[in-house]
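# Summary of structural features
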Amino acid sequence: MGPPDPILGVTEAFKRDTNAKKMNLGVGAYRDDNGKPYVLNSVRKAEAQIAAKKMDKEYLPIAGLAEFNKASAELALGDTNEVIKSGRYVTVQTISGTGSLRVGANFLQRFFKYSRDVYLPKPSWGNHTPIFRDAGMQLHAYRYYDPKTCGFDFAGALDDISKIPEQSVILFHACAHNPTGVDPRPEQWKELAAVVKKRNLFAFFDMAYQGFASGDINRDSWAVRHFIEQGINVVLSQSYAKNMGLYGERVGAFSVICKDVDEAKRVESQLKILIRPMYSNPPINGARIASIILTSPDLRKEWLEEVKGMADRIIDMRNQLVANLKKEGSSHNWHHITDQIGMFCYTGLKPEQVERLTKEFSIYMTKDGRISVAGVTSGNVGYLARAIHQVSK
Amino acid sequence: MAAGSLFASVPRAPPVAVFQLTADFREDRDPRKVNLGVGAYRTDEGQPWVLPVVKKVEQKIANDASLNHEYLPILGLPEFRANASRIVLGDDSRAIKENRVGGVQCLGGTGGLRIGAEFLRRWYNGTNNTATPVYISSPSWENHNSVFVNAGFKDIRAYRYWDAAKRGLDLEGLLEDMESAPEFSIFVLHACAHNPTGTDPTLEQWKQIAAVMKRRFLFPFFDSAYQGFASGCLDRDAWAVRYFVSEGFELFCAQSFSKNFGLYNERVGNLSVVGKDADNVQRVLSQMEKIVRTIWSNPPSQGARIVATTLTCPQLFAEWKDNVKTMADRVLLMRSELRARLQALGTPGTWNHITEQIGMFSFTGLNPKQVEYMIKEKHIYLMASGRINMCGLTTKNLDYVASSIHEAVTKFQ
């Protein structure tokens with residue numbers, strides 16, 4: 001019997017709990033200040049436009065909706081980027097971030113002859129390891145999170161990365177690192193890029209939170225753009241699950257920055273050969289919504305405001321949680337809660353403490369002490385602070 | 001950074017034939033052009049058809065302010081899974097009553113095949129037994145092979161199916177191949193409306209197939225992409241699957257709702273798992289979750305919602321069955337009209353196979369030279385195998401297609 005999924009299993013347990021005060025801080029899905037799922041207005045408008053158009057339901061091409069692919073690449077790199085202008089890239093529509101990572105992993109397994117080794121930050125999203133493993137790659141780690149500071153172990157990361165065998169694959173979270181919420185600063189990214197370039201490493205970016213981290217889509221994609229500027233041809237996974245709230249529609253993209261247009265065409269043809277025996281071609285609904293939003297000036301503007309709104313609410317909850325912990329009389333240093341960024345926060349709580357939170361307070365989170373700040377509201381932040389203080393004092 | 005490219009040696013892969021055909025068709029400026037290639041339904045005006053019931057349900061969904069875009073569970077929308085399995089196994093299915101059926105919502109039929117194949121490679125006939133032979137009909141949908149290869153199987157074989165000489169099922173060859181297959185081999189069976197031949201075993205022949213498979217412990221993996229579309233009747237088109245279940249087989253059935261719901265681009269499919277008992281099925285599903293999690297995490301919600309809403313409302317369900325019959329009837333009409341014209345023209349050869357075959361496709365029997373003539377000279381696009389999509393025929397182009405076939409057959413042998 002397969003064990004329950006460590007992340008999605010948390011929600012399933014939460015659903016079964018009958019405690020009125022229960023909190024789901026497990027899976028990373030945004031909630032508004034009433035704890036409700038939030039369907040973006042820009043999404044609703046795009047949906048209305050789609051409904052009015054009365055389109056057919058013919059198969060998409062294997063690589064997906066072309067307008068979406070183009071818009072997605074431009075969102076990530078900026079539409080004036082030399083890569084976009086020259087066309088030396090390929091972007092295919094994928095089944096959200098997971099599908100993108102899997103297609104990328106399979107592509108590397110088949111065509112990246114130089115190495116089978118993929119280096120993930122420690123820790124990383126729980127699903128990274130099985131995805132790459134199922135695709136036939138070997139997993140390793142580089143130091144990333146420093147439990148002593150609940151921050152970035154920059155020296156450790158540089159040290160480890162400088163020792164990674166040349167031409168290995170190294171995965172970076174572009175922004176809003178999951179699960180820790182700890183991101184390198186721009187100066188640190190510059191040094192990381194330099195050592196990646198020096199060691200000839202292959203950079204794989206996972207960007208699931210563009211716009212969601214700082215509220216600014218350009219700031220959140222800065223690292224990706226910097227690497228490319230330094231002459232590093234990266235591959236990139238994008239997800240629109242969080243920043244457009246399109247979770248269940250499965251909207252994502254996989255991009256390969258290539259040497260030239262010819263290589264891009266060859267790579268595209270092989271990505272299609274991988275996709276066809278997986279699911280033939282991708283689902284249209286979410287990609288159409290995303291495409292309309294990205295390419296309509298009004299809707300794009302509205303979307304950017306909504307994304308900023310979500311990011312701001314999360315930052316506000318971080319501030320309130322720390323303030324409430326102080327009020328509770330906690331003597332611990334909780335700065336990391338506000339230093340960290342994005343949907344998740346690595347509280348620093350131990351598994352035993354997490355278990356108590358769940359058993360005694362019906363607060364659900366993953367065993368590694370990760371909370372989804374999106375699940376915190378002004379209505380329950382006090383209860384959360386009290387509970388955390390109780391198990392950690 | 002290396003001066004050359006890391007991907008310098010990545011070769012240009014050939015395009016998938018059926019999509020290249022459609023691309024060529026699109027570029028063709030000839031006003032007489034006809035697309036008999038890719039398998040999607042077309043109306044008599046040659047247009048795609050969004051089923052009226054689908055439009056109705058989509059409107060309902062759009063107006064339901066309580067719906068959001070949250071993640072579905074890993075295995076998919078529960079109401080979809082249960083009802084999709086019920087559709088293929090029947091309302092009175094004993095297997096369902098005995099709680100030994102599970103469904104995995106997948107991305108179309110392809111997704112169902114892939115998840116099923118990944119599971120079998122990992123857990124069937126030992127663990128990670130990539131050497132288990134997988135038998136695919138000769139010919140079959142071209143993607144079957146890729147699915148099983150990419151799932152890790154090393155020994156993909158063909159079982160005899162199409163008898164080109166008699167233009168029918170090579171039952172003797174099929175049964176012989178099953179007799180000589182190693183025990184526990186996996187057999188991919190088309191539940192109905194075989195693609196590309198349109199030739200299905202009769203009920204009696206299915207019984208013979210099942211008997212051999214039972215005796216030799218062969219695993220049935222059904223591909224059901226045309227339920228309802230073949231005969232116009234859902235139950236009739238599911239007969240083979242249900243017969244195998246009643247004979248006590250454990251089996252997989254990859255169901256597609258692309259054609260019978262016209263939901264091609266929403267990617268709606270269901271992998272039905274029938275096991276000996278509930279406990280076995282639960283354990284199988286738990287492992288399916290792990291497989292799904294590293295491929296797409298959880299499936300897309302839109303299409304599953306449409307199907308589940310339709311199947312759970314008696315009125316909408318009746319309307320759907322009616323829409324399906326509309327499509328099936330038009331195909332049947334085109335078959336009889338084409339055959340009649342060919343016979344009236346005195347086109348050399350026999351043409352009863354056009355009406356005896358079933359489903360969207362017909363294996364015309366045209367050879368590569370004749371096919372080339374059809375495409376290049378007559379701008380009628382069909383697969384190199386001679387497969388035509390009956391849905392591409394309309395009352396307006398029947399005469400042109402019939403006379404073109406006549407020319408092709410008389411000009412080239």
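By convention here, each chain's residues receive numbers from 1 onward along its written sequence. Think of it this way: whatever chain is written first is A, whatever ligand is written first is 1, and the rest follow in order. The model is predicted, so local features are restricted to residues of pLDDT at least 70 and side-chain atom pairs to those at 80 or more, both for listing and for counting; the totals for chains, interfaces and linings are taken over all residues. As a rule here, side-chain values come from all non-hydrogen atoms in the structure, and water together with hydrogens is ignored.

- Chain B goes by Aspartate aminotransferase in an unreviewed UniProt entry, where it is assigned to Gopherus agassizii.
- UniProt annotates chain B under Subcellular location (unreviewed entry) with the comment "Cytoplasm".
- In its Cofactor (unreviewed entry) section, UniProt records this for chain B: "pyridoxal 5'-phosphate". UniProt positions are given in the numbering used here, feature names are shortened, and annotations may be inferred rather than shown by experiment.

- In the nomenclature of an unreviewed UniProt entry, chain A corresponds to Aspartate aminotransferase from the organism Gopherus agassizii.
- One UniProt comment on chain A, placed under Catalytic activity (unreviewed entry), says "L-aspartate + 2-oxoglutarate = oxaloacetate + L-glutamate".
- Database annotation for chain A, UniProt heading Subunit (unreviewed entry): "Homodimer."

### Considering the overall build of chain B
- Put simply, DSSP marks the helices as runs of H or I at least four residues long and the strands as runs of E at least two long, and each gets a number from the N terminus on. Of the regular secondary structure elements, chain B holds 16 helices and 13 strands.
- Here the C-alpha coordinates of chain B stretch approximately 65 × 60 × 55 Å along the principal axes.
- In this analysis, two residues are considered to be in contact whenever any of their non-hydrogen atoms come within 4.5 Å of each other. Intrachain contacts of chain B at a sequence separation of at least 6 include 76% that bridge at least 24 residues.
- Taken as a whole, chain B presents about 15,800 Å² of accessible surface, with 52% of it coming from carbon and sulfur.
- For chain B, the separation between the mean place of its 47 positive charges and that of its 43 negative charges on side chains is 2 Å. Each accessible area is a Shrake-Rupley result for a 1.4 Å probe, and residues are judged covered by the shown protein chains and nothing else. Counting rule for charge: Lys and Arg are taken as positive, Asp and Glu as negative, and neither His nor the chain ends is counted. For charged residues, the charge sits on one atom: NZ in Lys, CZ in Arg, CG in Asp, CD in Glu.

### Describing the pairing of strand 7 (residues 169–173) of chain A
Residue and element names in this part refer to chain A.
- The rule is simple: take the accessible area with a 1.4 Å probe, protein chains only, and divide by the maximum for that residue type; under 20% is buried, over 50% is exposed, in between is partly exposed. When you tally the buried positions in strand 7, you get five out of five residues, the bulk of the element.
- Burial of the side chains of strand 7 extends over both faces: Val 169, Leu 171 and His 173 are buried on one face and Ile 170 and Phe 172 on the other.
- Any two strands between which DSSP finds at least two bridges are classified as paired. Pairing geometry for strand 3 (residues 117–122) and strand 7, over two bridges, is parallel. The partner of Val 118 across the bridge, within strand 7, is Val 169.
- Two elements, strand 7 and strand 8 (residues 202–207), share five bridges in a ladder whose sense is parallel.

### Let's talk about the packing of aromatic side chains
- Ring pairs are drawn from Phe, Tyr and Trp, using the six-membered ring of Trp, whenever the two centres fall within 6.5 Å, and their geometry is named by plane angle: stacked under 30 degrees, edge-to-face over 60, tilted for the rest. Counted according to the given criterion, the structure contains 54 aromatic pairs over all chains.
- Plain terms: the ring middles of Tyr247(A) and Tyr71(B) are 5.1 Å apart, the flat faces sit at 70° to each other, and that makes the pair edge-to-face. Of this pair, Tyr247(A) sits in the loop between strand 9 (235–239) and strand 10 (251–257) while Tyr71(B) sits in the loop between helix 2 (52–63) and helix 3 (78–89), which puts the two residues in different chains.
- Of the residues examined, Tyr247(A) reaches a relative accessible area of 2% and is grouped as buried.
- Owing to a relative accessible area of 23%, Tyr71(B) belongs among the partly exposed residues under this scheme.
- Between Phe222(B) and Phe244(B) the ring centres are 5.1 Å apart and the planes differ by 85°, which places this aromatic pair in the edge-to-face class. Taken as a pair, Phe222(B) in strand 8 (residues 219–224) and Phe244(B) in helix 10 (residues 239–246) lie far apart in primary sequence, 22 residues in all.
- A residue is classified by how much of its surface remains accessible, and Phe222(B), at 0% relative accessible area, is buried.
- A relative accessible area of 0% places Phe244(B) in the buried class.

### A few points about the pattern of salt bridges
Residues and elements named next belong to chain A.
- By definition here, a salt bridge exists when the distance from a side-chain nitrogen of Lys or Arg to a carboxyl oxygen of Asp or Glu is within 4 Å. Overall, the coordinates contain 45 salt bridges over all chains when judged by the stated rule.
- Here Lys 301 ties to Glu 305 by a salt bridge, and the two come within 3.5 Å at their closest N and O atoms. Residue Lys 301 and its partner Glu 305 are both found in helix 13 (residues 297–328); the two are separated by four residues, about one turn of the helix.
- On the basis of relative accessibility, which here comes to 55%, the residue Lys 301 falls in the exposed class.

### With respect to the domain arrangement of chain A
Residue and element names in this part refer to chain A.
- Reported domain spans reflect what an automatic or database domain assignment gives. Domain boundaries assigned for chain A yield domain 1 (6–38 + 312–391) and domain 2 (61–295).
- Between domain 1 and domain 2, the residue contacts involve 16 residues of the former and 19 residues of the latter.
- Note on terms: buried area is the combined drop in 1.4 Å-probe accessible area of two parts once they are placed together, counting the loss on both. Contact with domain 2 buries area across many residues of domain 1, yet Ile 341, Phe 344 and Tyr 346 alone supply 39% of it, more than any other trio.
- Here domain 1 and domain 2 share zero salt bridges between them.
- Pairing of N or O atoms within 3.5 Å defines a polar contact, subject to two protein rules: one partner must be a possible hydrogen donor and the other a possible acceptor, and residues neighboring in sequence count only if both atoms are side-chain atoms. Viewed at the interface, domain 2 and domain 1 are joined by five residue pairs in polar contact (both at pLDDT 80 or more).

### Structural notes on the domain arrangement of chain B
Residue and element names in this part refer to chain B.
- Splitting chain B by domain gives domain 1 (17–49 + 329–411) and domain 2 (78–312).
- Taken over C-alpha atoms, the centre of domain 1 sits 29 Å from the centre of domain 2.
- Contacts between domain 1 and domain 2 engage 17 residues on the former and 16 residues on the latter.
- Both faces combined, the contact of domain 1 with domain 2 buries some 1,400 Å², and carbon together with sulfur accounts for 63% of it.
- For the domain 1 face of the interface with domain 2, the top three residues by lost area are Ile 358, Phe 361 and Phe 363, together amounting to 40%.
- Viewed at the interface, domain 2 and domain 1 are joined by zero salt bridges.
- Scanning the region where domain 1 abuts domain 2 turns up six residue pairs in polar contact (both at pLDDT 80 or more).

### Description of empty space enclosed by the protein
- Cavity means a closed set of points on a 1 Å grid over the protein atoms alone, one where a 1.4 Å probe fits but cannot get out, pocket means an open set with protein on both sides within 12 Å along at least 5 of 7 lines, and lining means a residue has an atom within 4 Å of a point. Grid points are joined across faces, edges and corners, and a volume is the space filled by probe spheres set on the points. For the coordinates displayed, the defined rule picks out five cavities of 30 Å³ or more.
- A volume near 330 Å³ is recorded for the largest cavity.
- Lining the largest cavity are 27 residues, with Trp125(A), Asn178(A), Tyr209(A), Lys242(A) and Tyr71(B) sitting closest to its centre.
- Top contributing element to the lining of the largest cavity by residue count: helix 5 (residues 96–111) of chain A, with four residues.
- Under the grouping applied here, Gly and all other residues not named as nonpolar or charged are polar, the nonpolar ones being Ala, Val, Leu, Ile, Met, Phe, Trp, Tyr, Cys and Pro and the charged ones Asp, Glu, Lys and Arg. Class assignment for the residues of the lining of the largest cavity results in 12 nonpolar, 10 polar and five charged.
- Taken as a whole, the second largest cavity encloses approximately 50 Å³ of empty space.

### A few points about the environment of Phe204(A)
Residues and elements named next belong to chain A.
- Topologically, Phe 204 is positioned in strand 8.
- Along the chain, Phe 204 and Arg 276 lie 72 residues apart, while their C-alpha atoms are 23 Å from each other.
- Residue contacts for Phe 204: discarding those within four places in its chain leaves Leu 101, Gly 104, Ala 105, Leu 108, Phe 132, Val 169, Ile 170, Leu 171, Phe 172, Val 235, Ser 237 and Phe 254.

### Brief notes about the UniProt feature "domain: Aminotransferase class I/classII large" (unreviewed entry) in chain B
- Sequence positions flagged by UniProt for "domain: Aminotransferase class I/classII large" (unreviewed entry) are, in local numbering, residues 32–405 of chain B.
- Strand forms 14% of residues 32–405 of chain B and helix 45%; the C-alpha atoms that close the span are 14 Å apart.

### Re the sheet that holds strand 9 of chain A
Residues and elements named next belong to chain A.
- If you walk across this open sheet you meet the seven strands as 2-10-9-8-7-3-4, and the pairing is mixed. Either end of the sheet is taken by a strand with one partner, and the two such strands are strand 2 (89–95) and strand 4 (138–143). The sheet shows a mean angle of 25° between the axes of neighbouring strands, direction not considered.
- An axis is simply a line fitted to the C-alpha atoms; with a helix, the fit covers only the stretch in contact. Between two such axes, the angle follows the N-to-C directions and lies from 0 to 180 degrees. In this fold helix 11 (residues 261–279) packs onto strand 2 and strand 10, with an angle of close to 15° to the strand it touches most, strand 2.

### A look at the nonpolar core
- Take the buried Ala, Val, Leu, Ile, Met, Phe, Trp, Tyr and Cys residues and link them wherever side-chain atoms come within 4.5 Å; each set so joined is a nonpolar core. Formed by 80 residues in total, the largest nonpolar core has its most connected members in Phe7(B), Phe221(B), Leu271(B) and Met288(B).
- Looking at this core, the element that brings in the most residues is helix 11 of chain A, giving seven residues.
- Those residues in contact with Met288(B) that lie beyond four places of it in its chain are Leu75(B), Val104(B), Ile115(B), Phe119(B), Phe252(B), Leu271(B) and Val273(B).
- Val39(A), Ala46(A), Ile293(A) and Ile388(A) belong to the second-largest nonpolar core, a separate cluster that totals 66 residues.

### Remarks on the pairing of strand 10 of chain A
Residues and elements named next belong to chain A.
- The buried fraction of strand 10 amounts to seven of the seven residues, a majority that puts the element mostly inside the structure.
- A two-sided burial pattern is seen for strand 10, the buried positions comprising Val 251, Ala 253, Ser 255 and Ile 257 on one face and Gly 252, Phe 254 and Val 256 on the other.
- With seven bridges connecting them, strand 2 and strand 10 associate as antiparallel partners. By the bridge assignment for strand 10, Thr 94 is matched with Gly 252.

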